[in-house]
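# Topology and contacts: notes
Now for the letters of each chain:
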Amino acid sequence: MIIDRLYEEVEKKGNVCVGLDTALEYIPSTILNNYHSIDDILFYFNKRIIDATIDIVPCYKVQIAFYEAHGLNGMLAYKKTLEYIRNKGSVVVADIKRADISSTAKAYARAHFEGDFESDFITLNPYMGFDSITPYLDYVENKNKGLFILLRTSNDGAKDIQYLDINGNGKVYNYIGDKIKDISYKYMGKCGYSSIGAVVGGTHLEESDEIRNRLGKVFFLIPGYGAQGGKGKDVVSYLKNGNGGIVNSSRGIITSYKKYDDGVEKFDSYARDAVLDMKEDISSETKTI
Ligand SMILES: O=C(O)c1cc(=O)[nH]c(=O)n1[C@@H]1O[C@H](COP(=O)(O)O)[C@@H](O)[C@H]1O
């Protein structure tokens, strides 16, 4: 099961997931001046970040929108980035947040678990209903793939729908959590977690203990650290003995060089420093359960 690989990587390298949300305005002039096509610019920026961090992080999350925004050349960079990460032996989460009826979902599954855009995990939005998740399960069961399903997101608007109370029977996000729990138990790895994980925003502390306790065997993707205000103390309740989750930071890592006079030349080593600081912050707050 793919979750065992991710769990092992976290055991060895900690929880930080580097988010490659590579917008052109984040790319330093050193790269812009040396490469001329969009695919080379995006890819070589990513490659430098990956090379500088691969020994200290378990995985990368690649947000597809930043590549789609550049059309075919952007998608070439997306493909090259996924391949580079996987060929280096690391784990890649494709942040595609898909949701559609099952016949279309089947095509999405093929598009992102096979061929040019093959990844290890994808993110899915369950708010269209759980028949939109079913077409991906064959890949989880038979092809060593994993899912992270949105549960409680990091944005302020999470409150608009996810926090609604269902006739006094609890919040919508808990209902979604229960559904994720129900389907996840069929795909358990040896590590004690399922290859079907959940996305929980690392920006609200209040519900994290409750969510962790309800979903003991669900592995979490936790975005919201850094640029959205999340800190080590906000994310550790989702972890168990330092594992059980990966904490994503995108802008906080890939643009950290902008704070330094010599950042343009050394953007990759400043990204590494940002990862090390984040690891330190998370481990200093980590509780042993
Ligand atoms: O699924 C996600 O990754 C996600 C869920 C969520 O609730 N909040 C959230 O920010 N994300 C993603 O996590 C990343 C956060 O980026 P930064 O705020 O720059 O660290 C972006 O790629 C978002 O699309």
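Residues numbered from 1 in each chain as written. Predicted model: local features only at pLDDT ≥ 70, side-chain atom pairs only at ≥ 80, totals over all residues. Heavy atoms only, no water.

### Thoughts on the pairing of strand 2 (residues 59-63)
- Here strand 2 lies mainly inside the structure; five of its five residues are buried.
- Along strand 2, one buried face is formed by Cys 59, Lys 61 and Gln 63 and the opposite face, lined by Tyr 60 and Val 62, is buried too.
- Relative to strand 2, strand 1 (residues 16-20) runs parallel, the two being bridged by four bridges. If you follow Cys 17 over to strand 2, its bridge partner there is Cys 59.
- Relative to strand 3 (residues 91-98), strand 2 runs parallel, the two sharing five bridges. Bridging across to strand 3, Val 62 finds its partner in Ala 94. (Buried < 20%, exposed > 50% of the residue type's maximum accessible area, 1.4 Å probe, protein only. Helix = DSSP H or I, 4+ residues; strand = E, 2+ residues; numbered from the N terminus. Pairing = 2+ DSSP bridges.)

### Description of the side chain of Ser 256
- With respect to the helices and strands, the residue Ser 256 is situated in the loop between helix 12 (251-254) and helix 13 (267-285).
- Polar contacts involving the side chain of Ser 256 include one to the main-chain carbonyl oxygen of Ile 253, which spans 3.0 Å. (Polar contact = N/O pair within 3.5 Å; in protein donor to acceptor, adjacent residues only side chain to side chain.)

### As for the site of the ligand
- In the vicinity of the ligand there are 17 residues, among which Asp 21, Ser 154, Gln 228, Ser 250 and Arg 251 approach most closely.
- Between an oxygen atom of the ligand and a side-chain N or O atom of Lys 61, the distance comes to 2.9 Å.
- Within the side chain of Arg 251, one N or O atom sits 2.7 Å away from an oxygen atom of the ligand.
- For the ligand, the protein covers 90% of the area, taking 510 Å² as the surface of the free molecule.
- The set of elements that each furnish at least two residues to the shell around the ligand consists of strand 2, strand 3 and strand 8 (245-249).
- Classifying every residue of the shell around the ligand gives five nonpolar, seven polar and five charged. (Near = heavy atom within 4 Å. Areas by Shrake-Rupley, 256 points an atom, 1.4 Å probe, with all protein chains shown as cover. Nonpolar A, V, L, I, M, F, W, Y, C, P; charged D, E, K, R; others polar.)

The analysis is restricted to geometry; functional conclusions fall outside its scope.
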